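Structural overview
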Amino acid sequence: MGHSDQRRGFLAAGYGRPGERFRLAAFPAGGPGSGPASQGMSWAPVGRRWAVVTAWNPGGRRASGEHNETAQRTLSQRWKGAALDGLNGEGAWAEPALILLDAPLTEALRLGREFDQAAILYGVGRRVALVWLNRGRTRIERYWAAPVGGSGEARPV
């Protein structure tokens, strides 16, 4: 899968927990100036750091269910802080993920790289970055976490 295909996939995907799903959006729900309220994301009150990391399908290539499940268990063991079970994507590309609570960015990046992920999400409140990890280089695109069903087309800001 090429980078532009991966990027489209990340921008189209939903993230979060059942009943608390969000998408990446150019503006906060309600449009510019509506503020960073954490509606629909109980783990992301204003000012709280969090990250979404998965161990599934390293390198953007489909892996066996057994490999993915083993890798996800290992990821859960590597993270020593509080976490919630989450889900990245929908349908055929739905992947279990961890929502790392109060995560330092350096630790989220380390875990993403350790499990050969193309990108992770890193947030503070409802402000969220899509952090690309390709070839050891880090690139950041900034977004808002908009509850699924909210407004805001995904574009970098």
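Let me begin by describing the structure that accompanies this report. (Residues numbered from 1 in each chain as written. Predicted model: local features only at pLDDT ≥ 70, side-chain atom pairs only at ≥ 80, totals over all residues. Heavy atoms only, no water.)

One finds F22, L24, W43, W50, L121 and L130 to be the most contacted residues of the largest nonpolar core, which totals 22 residues. Mapped by element, the contributors of at least two residues to this core are helix 1 (3-12), strand 2 (20-25), strand 3 (49-53), strand 5 (95-101), strand 6 (119-124), strand 7 (127-132) and strand 8 (139-147). Counting 18 residues, the second largest nonpolar core, distinct from the first, contains A55, A103, A108 and Y122. (Core = buried A, V, L, I, M, F, W, Y, C linked by side-chain atoms within 4.5 Å. Buried < 20%, exposed > 50% of the residue type's maximum accessible area, 1.4 Å probe, protein only. Helix = DSSP H or I, 4+ residues; strand = E, 2+ residues; numbered from the N terminus.)

Take helix 2 (residues 65-78) next. Structural remark: α-helix, 3.6 residues per turn; residues separated by three or four positions point the same way. With 14 residues, helix 2 should reach 20 Å at 1.5 Å per residue; the first-to-last C-alpha distance of 20 Å fits that figure. For helix 2, the complete set of buried residues consists of N68, A71, Q72 and L75. For helix 2, the angular spread of buried residues about the axis comes to 100°, placing them on one side. Summarising the geometry of helix 2, the exposed residues directed more than 90 degrees from the buried face are E66 and Q77. Packing partners of the buried residues in helix 2 comprise strand 3, strand 5 and helix 3 (105-114). (Expected span 1.5 Å × (residues − 1). Arc of directions from axis to C-beta. Contact = heavy atoms within 4.5 Å.)

Its place among the elements puts R49 in strand 3. Ignoring anything within four residues of it in the chain, the contact list for R49 reads L100, L101, D102, A103, P104, Y122, G123 and V124.

With that settled, the discussion passes to the sheet that holds strand 7. By way of backbone hydrogen bonds, the strands of a sheet pair with one another, either parallel or antiparallel. In spatial order, the strands read 1-2-8-7-6-3-5-4; together these eight strands make up an open sheet with antiparallel pairing. Only two strands of the sheet have a single neighbouring strand rather than two, namely strand 1 (15-17) and strand 4 (83-88). On average, each strand axis in the sheet is tilted by 30° relative to the strand beside it, whichever way the strands run. On the sheet, helix 2 packs against strand 3 and strand 5 and is oriented at approximately 5° with respect to strand 5. Across the sheet, helix 3 is in contact with strand 3, strand 5, strand 6 and strand 7; its angle to strand 6 comes to roughly 165°. (Pairing = 2+ DSSP bridges. Axes fitted to C-alpha atoms, helices over the stretch in contact; angles between N-to-C directions.)

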